[in-house]
Structure formats: structure tokens, C-alpha cells
Amino acid sequence: MISAAVAPGLLDGMVPGPIAFSSGMTGNREPVCKGKEGGQMNTAKLRSIGALSLVLVVAGTSGCGYFNKTAKGGAAGAAAGGVIGGVIGNQTGSTARGAIIGAVAGGTIGAIIGARMDRQAEELAAEIPNATVERVGEGVLVTFDSGLLFDFDSDVIRGAASANLTDLSTSLNKYAESDVLIVGHTDAVGTDSYNQTLSERRADSAARFVRSQGVDGSRVRTDGRGEMEPVATNDSEAGRSQNRRVEVAIFASEEYKQRLITSNGK
């Protein structure tokens, strides 16, 4: 399933959450805006993010809605940058999303990037059905359940998981104009320091695998967030299972954006 998240369109203190829809849907969509754990995000946090994101305003948007990513890439403000993306990432509790938002180009360039990301997201959703694929801003976010990639308390890629990462690597090689951030996460069982180290080791392990499949190492960065960015409660096994994950943020490289600027006479 592909989930489209209205990431750059932060307006009037509203932060739309993922809008889930099947890749084969047509016609009208009825999006459901969600904050963390399916509920409303903290009001003060929303206001803070909204103030930071005025440069990312999408004309004609409201707090929640579905937009074609190509059109939205074209409407996003070009003033958005890595600093704002990083701050928004911290505010929303997602380093991976912040990296994508921080790489926004906007204008004609953003529209071109958005079109490519639309295609890549659709292909990834079809090729890696065990992962969650989302369109965020001008990028793609792929989330793997850690149990799919690793055994308990391990950073060694499971044999059965190699096919998933191989398919991801094939896509990254096909769409070589992107950079990649791989972020590891854990649940809250165990000490903070141990979970932090485990998350880093798992992100590094996934990065080594994609590099071994021919992905240029200079495109790939890693980060470990330990238990600091939960997406569900840690009070139940079901919630902890969701928190144990590896996220792959895919966004246009600076070199590619510069080439587009040159070729489009900007």
C-alpha cells in the first residue's frame, strides 16, 4: 500500500498526517488526517511547526486533503531547506521525514522531482509488499518492520529479508539521482544506551547491504534514533513491534537538483 503524506503543505498550524490509499484507487479519495498513534498531535506542537513552515505553504490547501505529488512539488516554497526540515523532523518526531522535507526544491524543479518520486513509490509498493511506502513532500519513505529484517537483538540481515533489500537496492540504482538516509529505531525495552547502539548498528547493516548491491556509498547516510521516535505505545507488544523498524528516506540529491536548474534555465 502507498500512503501519501502532505508533508510540505503545513498551513495555519495544521500538520496533515499520512493519507492512506491503495495504489489502484481512482476517483474521489476520503483522506483521514492522523497525528501520532492515530490521534490529534499536540496543539502547541502543531502551532510551532506551523510557524516554522510558512515557507512551505501550498496555495489553496487546507489542513487535510489529497494532492498529486507532482503538483504539490511544484507548489512547495523553494525557501525550504535542511535546517527547517531538521527542525520539523524533531518537532514531529521523525528524523526521516525531516530529511525529506529539508530537501524540498519547489517550483518547476520540485514538480519534476515529484513526478519521478511518484513513479518510484508506485514501483516500490508493488515490488516490496512487506514494506510501507509513503510519498512525503518531494521524496519517498520506506518503512521496514525490524522483525522483517533482523532476528531479535541482532543487526545481522536475515536471509529471508535479503530479497526485500535487494528490491530496494534495484530501485535505488534505477533512480540514481537520489540520496538516501537509513534510520534505525527500537522499542523501549532495555537501556537507552543499548537501544541507541542497536538502532545504529541496524541502520549501518542495512546501508552495507544496499552498498553491496551496487548503490553508490556516497549517496547513503545512516542514523540511529534508539527509542526516541516511537510511532506507537511501548506498553503493549503490538505497539513495541511497530516501534522496532528501519526507515529509508529517499530524496533528490543536490547534484540532481542543480542539473535540473541548469537544464531548465533557472
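Since we're looking at a predicted model, the values are computed, not measured.

Caption draft 1: Expanded view of the overall build of the protein chain. Counting its regular elements, the protein chain contains ten helices and seven strands. The buried share of the protein chain, taken over its 266 residues, is 49%. Contacts in the protein chain between residues at least 24 apart in sequence constitute 72% of all its contacts with a sequence separation of at least 6. When the accessible surface of the protein chain is split by element, carbon and sulfur atoms take 52% of a total near 11600 Å².

Caption draft 2: How the structure looks around unusual backbone geometry. The backbone phi angle of Asp153 is positive, close to 60 degrees, even though this residue is not glycine. Using a relative accessible area of 37% as the deciding quantity, one classes Asp153 as partly exposed.

Caption draft 3: Focus on the pairing of strand β3 (residues 132-136). Among the five residues in β3, four count as buried, and that is most of the element. Relative to strand β4 (residues 139-145), β3 is paired through five bridges, and the arrangement is antiparallel. Along β4, the bridge assignment pairs Arg135 with Val140. Between β3 and β4, which pair antiparallel one after the other, the connecting turn spans two residues, and Gly137 there sits at a positive phi close to 55 degrees.

Caption draft 4: Focus on the pattern of salt bridges. In this structure the tally under the stated criterion is 13 salt bridges. Arg225 is paired through a salt bridge with Glu229; the nearest N and O atoms lie 2.9 Å apart. What makes Glu229 buried here is its relative accessible area of 3%. Salt-bridge contacts for Glu237 lead to Arg240; the nearest nitrogen and oxygen are separated by 3.4 Å. Here Arg240 and Glu237 lie together in helix α9 (residues 237-243), a separation of three residues that amounts to about one turn.

Caption draft 5: Looking closely at the nonpolar core. Formed by 35 residues in total, the largest nonpolar core has its most connected members in Val142, Phe144, Leu168, Ile182 and Ile250. Only α5 (107-127), β4, α7 (162-174), β5 (178-185), α8 (192-212), β7 (245-252) and α10 (254-263) provide two or more residues apiece to this core. Ranked by residue count, the leading element in this core is α5, at six residues. In this view, Ile250 contacts Ile100, Met117, Gln120, Leu124, Gly139, Val140, Val142, Leu168, Leu172, Ser178 and Asp179; residues no more than four positions away in its chain are not counted. Of all hydrophobic cores here, the second largest spans ten residues; its members include Ile100, Ala103, Leu141 and Phe251.

Caption draft 6: Spatial organisation of the environment of Asn234. Relative to the helices and strands, Asn234 resides in the loop between β6 (220-224) and α9. Within the structure, Asn234 has its side chain in polar contact with the backbone nitrogen of Ala188 (distance 3.1 Å).

Caption draft 7: Region of interest: empty space enclosed by the protein. For the structure on display, the rule yields one cavity of 30 Å³ or more. Its boundaries defined by the atoms lining it, the largest cavity holds a volume of some 70 Å³. In terms of lining, the largest cavity is formed by Ile113, Arg116, Met117, Gln120, Tyr175, Glu177, Ser178, Ala252 and Tyr256. Per-element accounting of the lining of the largest cavity gives the leading share, four residues, to α5. Broken down by class, the residue content of the lining of the largest cavity amounts to five nonpolar, two polar and two charged.

The rules we used
Residues numbered from 1 in each chain as written. Predicted model: local features only at pLDDT ≥ 70, side-chain atom pairs only at ≥ 80, totals over all residues. Heavy atoms only, no water. Helix = DSSP H or I, 4+ residues; strand = E, 2+ residues; numbered from the N terminus. Buried < 20%, exposed > 50% of the residue type's maximum accessible area, 1.4 Å probe, protein only. Contact = heavy atoms within 4.5 Å. Areas by Shrake-Rupley, 256 points an atom, 1.4 Å probe, with all protein chains shown as cover. Pairing = 2+ DSSP bridges. Salt bridge = Lys/Arg side-chain N within 4 Å of Asp/Glu carboxyl O. Core = buried A, V, L, I, M, F, W, Y, C linked by side-chain atoms within 4.5 Å. Polar contact = N/O pair within 3.5 Å; in protein donor to acceptor, adjacent residues only side chain to side chain. 1 Å grid on protein atoms, 1.4 Å probe; cavity = no way out; pocket = protein on both sides within 12 Å on 5 of 7 lines; lining within 4 Å. Points joined across faces, edges and corners; volume = space filled by probe spheres on them. Nonpolar A, V, L, I, M, F, W, Y, C, P; charged D, E, K, R; others polar.

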